[in-house]
Amino acid sequence: MQIIPFFGSFHPVLVHLPIGILLVALLLEWLSRKPKYAAVEDAVPIVFFVAALSAIFACMTGYWLSMSGEYDEVTLDRHKWMGIFTALLSSLAYILKKGYIPLPSSHKIYNVFCFSLFALIVVTGHLGGNLTHGSGYLVKNLPEPLRKTFGYTALQSEDIPIPDVQEAALYEDLVARLIQKKCISCHGPDKQKGGLRLDSEEWINKGGKDGKILTSGSPEQSELIKRLLLPAEDEDHMPPKEKNQLSADEIALLHWWIKEGPQFDKKVKELAQNDTIKKVLLSFQDGNNPMVSTASYVPSAPVAPVRQSLSDSLKKAGVLIQILSPGNNYISASFINMQQNADSVMPLIAALKDQLIILRLSGKNLHDSSFKYLGTLNELRRLYLDRTTVTDTSILHIGNLDKLQYLNLVGTKVSVEGLKKLSGLTSIRSVFLYQSQVKSADYVAITSVFPGATIDTGGYIVPILESDTTEFKPLKKTKPKKE
């Protein structure tokens, strides 16, 4: 077993321990100066002692982790020395509180010392966060007024609207923006996991420690695509399962990009496109996440608004109703926060047949008879039945929803036999089947039911593009050679 990955892997967890203990120690130190809490002063040296030990151990594991060579050297060096100083001052705090060096707690120098220790904790933690999550992670999600107050420039949105995707630059406007959103925290200027950087054409073409990640014209041979399609539980799957995953359309975009070159200097319209990739590209046209964007499927035809009495009844029952976009009356409905029996509300949902585009029933226990109301929702585009009680019998009721594009059956009892009853859903583009009764071995049968759709059976997110017959398998593990 190699010492660097073994001990270094503990650092991201252990680094929080000294920070938390030191903050507790400083809080107890402050409280002990108040007569009401004077008794806690006896605990302060003990807490400082534990903090010092954990800080020293965090420095050791951090040093081993730094030897992987995956981090920006400047930021890493600063973080290393701030961590060492934090461990030293923690040890000194214990010595002072035990009285080995006479210095009263009320002394001005001791107060400056405590403030310096607190500042070190903040700076060290911030630099460590930059290494792990990318620079500026603390201010990334601040509201714009607060960003200006603290002197930060306005953030450029990763989802800048693309008015005409065919006129967009394939790499700069689509691929680079996708990489920035989903990959750069592990493969950017501050951190290069596996020695891989993805923030420029030069770095992408260079590859990582294991060699090049792109094979021009052959996405199925490209390490990038292989790793995206591994099961989420596989340690080589990218992004790691705890990170924000790429959607089916995003993988399809990268697949097409590699197949066409990959191209770094051409517009989308300059490259060959089949009908499937044209649909994928359209999902990016509004600059929204392809998996949640509504513009590609909200009808343009006018529709009457939902009756106020019906809307009030649904909201009273706990159903969240939202207008999808200004200027129309099409809506989404979610049962996710509803506490009462969902079966009692399903007849009301049927009355939304002309306006309902998205329905989220995730996690609800419904009687088989309640699913019949879904069959009346002729405008439905997205249906979330994940972790519901839907079965091979009750799923038959959605077989006539000819406008349905997205179906989530994660964690259900639906099998391949039930899916065969949905062959009439010709508009389906995405089907999610993880932890259902559908197995990876059923993949060929599923693709015949939903030709041209993207099927996710649990980590095997395979975009089906015309003329592609590639079978993706997990990477083989190679055992280290014995000395």
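What counts as what
- Residues numbered from 1 in each chain as written.
- Predicted model: local features only at pLDDT ≥ 70, side-chain atom pairs only at ≥ 80, totals over all residues.
- Heavy atoms only, no water.
- Helix = DSSP H or I, 4+ residues; strand = E, 2+ residues; numbered from the N terminus.
- Contact = heavy atoms within 4.5 Å.
- Areas by Shrake-Rupley, 256 points an atom, 1.4 Å probe, with all protein chains shown as cover.
- Buried < 20%, exposed > 50% of the residue type's maximum accessible area, 1.4 Å probe, protein only.
- Patch = residues over 30% accessible without salt bridge, like charges linked within 9 Å, V, L, I, M, F, W, Y side chains within 5 Å.
- Salt bridge = Lys/Arg side-chain N within 4 Å of Asp/Glu carboxyl O.
- Expected span 1.5 Å × (residues − 1).
- Pairing = 2+ DSSP bridges.
- pLDDT = per-residue confidence, 0-100.
- Lys, Arg positive; Asp, Glu negative; His and termini not counted.
- Charge placed at Lys NZ, Arg CZ, Asp CG, Glu CD.
- Axes fitted to C-alpha atoms, helices over the stretch in contact; angles between N-to-C directions.
- Parallel < 35°, antiparallel > 145°, perpendicular 65-115°, else oblique.
- Left-handed = near helix turned anticlockwise from the far one by under 90°.
- Nonpolar A, V, L, I, M, F, W, Y, C, P; charged D, E, K, R; others polar.
- Bend = angle between axes of the 7 residues up to and from the residue.
- Core = buried A, V, L, I, M, F, W, Y, C linked by side-chain atoms within 4.5 Å.

Chemist: Just checking my understanding: could you explain the overall build of the protein for this structure?
Modeler: The helix and strand tally for the protein stands at 16 helices and eight strands. Put simply, 61% of the contacts in the protein that link residues at least 6 apart link residues at least 24 apart. Of the accessible surface of the protein, which amounts to about 25400 Å², a share of 58% is contributed by carbon and sulfur atoms.

Chemist: Any chance you could explain the side chain of threonine 388 here in plain terms?
Modeler: Secondary-structure assignment places threonine 388 in the loop between β4 (382-384) and β5 (406-408). Judged by its relative accessible area of 7%, threonine 388 falls in the buried class.

Chemist: What exactly am I supposed to notice about a nonpolar patch on the surface here?
Modeler: A grouping of Ile46, Phe49, Val50 and Leu53 is seen on the molecular surface, where their side chains present a nonpolar patch of about 370 Å² in accessible area. Mapped onto the elements, valine 50 comes out in helix α4 (residues 44-66). Among the residues examined, valine 50 registers a relative accessible area of 39% and is labelled partly exposed.

Chemist: Where do I start with helix α11 (residues 248-259) in this structure?
Modeler: In a regular helix each residue adds 1.5 Å, so twelve residues correspond to 16 Å; α11 covers 16 Å between its end C-alpha atoms and thus fits that length. Of all twelve residues in α11, eleven are buried, a share of seventy percent or more. Every buried residue of α11 is accounted for by Ala248, Asp249, Glu250, Ile251, Ala252, Leu253, Leu254, His255, Trp256, Trp257 and Ile258.

Chemist: Is there a simple way to explain the pairing of strand β3 (residues 356-360) in this structure?
Modeler: Residues in a regular strand project their side chains so that they alternate between the two faces of the sheet. In terms of burial, β3 is a largely internal element, four of the five residues being buried. As paired strands, β3 and β4 are joined by three bridges and run parallel to one another. Its bridge partner being in β4, arginine 360 is matched across the sheet by tyrosine 384.

Chemist: Help me understand the pattern of salt bridges, please; the structure alone is not making it clear to me.
Modeler: A side chain of one charge can pair with a side chain of the opposite charge when the charged atoms of the two come close. Inspection of the entire model under this criterion finds 14 salt bridges. One salt bridge connects glutamate 167 with lysine 269, and the closest N-O pair in it is separated by 3.0 Å. Separated by 102 residues along the polypeptide, glutamate 167 in the loop between α7 (144-149) and α8 (170-182) and lysine 269 in the loop between α11 and α12 (275-282) bring together distant segments of the chain. Judged by its relative accessible area of 35%, glutamate 167 falls in the partly exposed class. For aspartate 354, the salt bridge is made with lysine 353, and the minimal N-O distance between the two is 3.5 Å. Salt bridges here are not isolated pairs; linked through shared partners, they connect Asp210, Glu223, Arg227 and Asp236.

Chemist: So what exactly am I meant to see when it comes to the confidence of the model for the protein here?
Modeler: Averaged over all residues, the pLDDT of the protein is 77; the fraction at 70 or higher stands at 75%. Here strand β8 (residues 461-462) stands out as the least confident element of the protein, with mean pLDDT 44; helix α14 (residues 346-350) is the most confident, with 93. Taken together, the stretch residues 152-160 has pLDDT below 50 and engages in 18 contacts with residues farther than four places along the chain or on a different chain. Note on residues 286-293: pLDDT is under 50 here. Beyond four places in sequence and across chains, it has 30 contacts.

Chemist: I'm lost on the environment of tryptophan 257 in this one. Help?
Modeler: Mapped onto the secondary structure, tryptophan 257 falls in helix α11. Those residues within four positions of tryptophan 257 in sequence are excluded, and the remaining contacts are Leu170, Tyr171, Val175, Ile204, Leu214, Pro262, Gln263 and Phe264.

Chemist: What's the story with the environment of proline 305 in this structure? I'm lost.
Modeler: Relative to the elements of secondary structure, proline 305 occurs in the loop between α12 and α13 (308-316). Looking at proline 305, the relative accessible area reads 54%, which means it is exposed. Separated by 50 residues in sequence, proline 305 and glutamine 355 place their C-alpha atoms 7.4 Å apart. Apart from residues lying up to four places away in sequence, proline 305 is in contact with Asn329 and Gln355.

Chemist: Can you walk me through a negative patch on the surface in this structure?
Modeler: Taken together, the side chains of Glu201, Glu202, Asp265 and Glu270 define an acidic patch exposed on the protein surface. Along the chain, glutamate 201 falls in helix α9 (residues 201-206).

Chemist: Can you help me understand the packing of α11 against α12 in this one?
Modeler: Any two packed helices are characterised by the angle at which their axes cross and by the distance between the axes. Viewed as axis vectors pointing N to C, α11 and α12 meet at an angle of 125°, and their least axial separation amounts to 10 Å. As far as their axial angle goes, α12 and α11 are oblique. Remark: the crossing between α11 and α12 carries left-handed chirality. Packed against α11, whose contacting residues are Asp249, Ala252, Leu253 and Trp256, the element α12 presents Ile277, Val280 and Leu281 at the interface. Taken together, the residues of the contact of α11 with α12 sort by class into six nonpolar, no polar and one charged.

Chemist: I would appreciate a short explanation of α8 in the present structure.
Modeler: Quick reminder: α-helices carry 3.6 residues per turn. Residues three or four places apart thus point the same way. Here α8 spans 17 Å end to end across 13 residues, near enough to the 18 Å set by a 1.5 Å rise per residue. Helix geometry: α8 is bent most strongly at alanine 176, by close to 30°. Along its buried surface, α8 packs onto α9, α11 and α12.

Chemist: Would you mind showing me how to read the nonpolar core here?
Modeler: If you look at soluble globular proteins, the nonpolar side chains tend to sit buried side by side. Judged by nonpolar contacts, the single largest core of 47 residues is most densely connected at Phe335, Leu359, Leu374 and Phe450. Mapped by element, the contributors of at least two residues to this core are α13, β2 (331-334), α14, β3, α15 (416-419) and α16 (443-449). With three residues, the single largest contributor to this core is α16. Residues in contact with leucine 359, not counting those within four places in the same chain, are Ala333, Phe335, Ile349, Leu374, Leu377, Leu380, Arg382, Leu383 and Tyr384. Listed in part, the 34 residues of the second largest apolar core include Leu178, Ile179, Leu229 and Trp256.

Chemist: Is there a simple way to think about unusual backbone geometry in this case?
Modeler: What you tend to see is this: most non-glycine residues have negative phi, and most peptide bonds are trans. The linkage connecting methionine 238 with the following residue, proline 239, adopts the cis geometry, with an omega of -10°. The residue proline 239 is located in the loop between α10 (223-228) and α11 in this model. The amide bond that connects glycine 261 to the next residue, proline 262, takes the cis arrangement and shows omega of -5°. Tracing the sequence through the fold places proline 262 in the loop between α11 and α12. Positive phi values are uncommon outside glycine, yet arginine 387 reaches one of about 60°. As for its placement among the helices and strands, arginine 387 is situated in the loop between β4 and β5. Phi at glutamine 435 is positive, roughly 60°, even though this residue is not glycine. Checked against the element boundaries, glutamine 435 lands in the loop between β6 (430-432) and α16.

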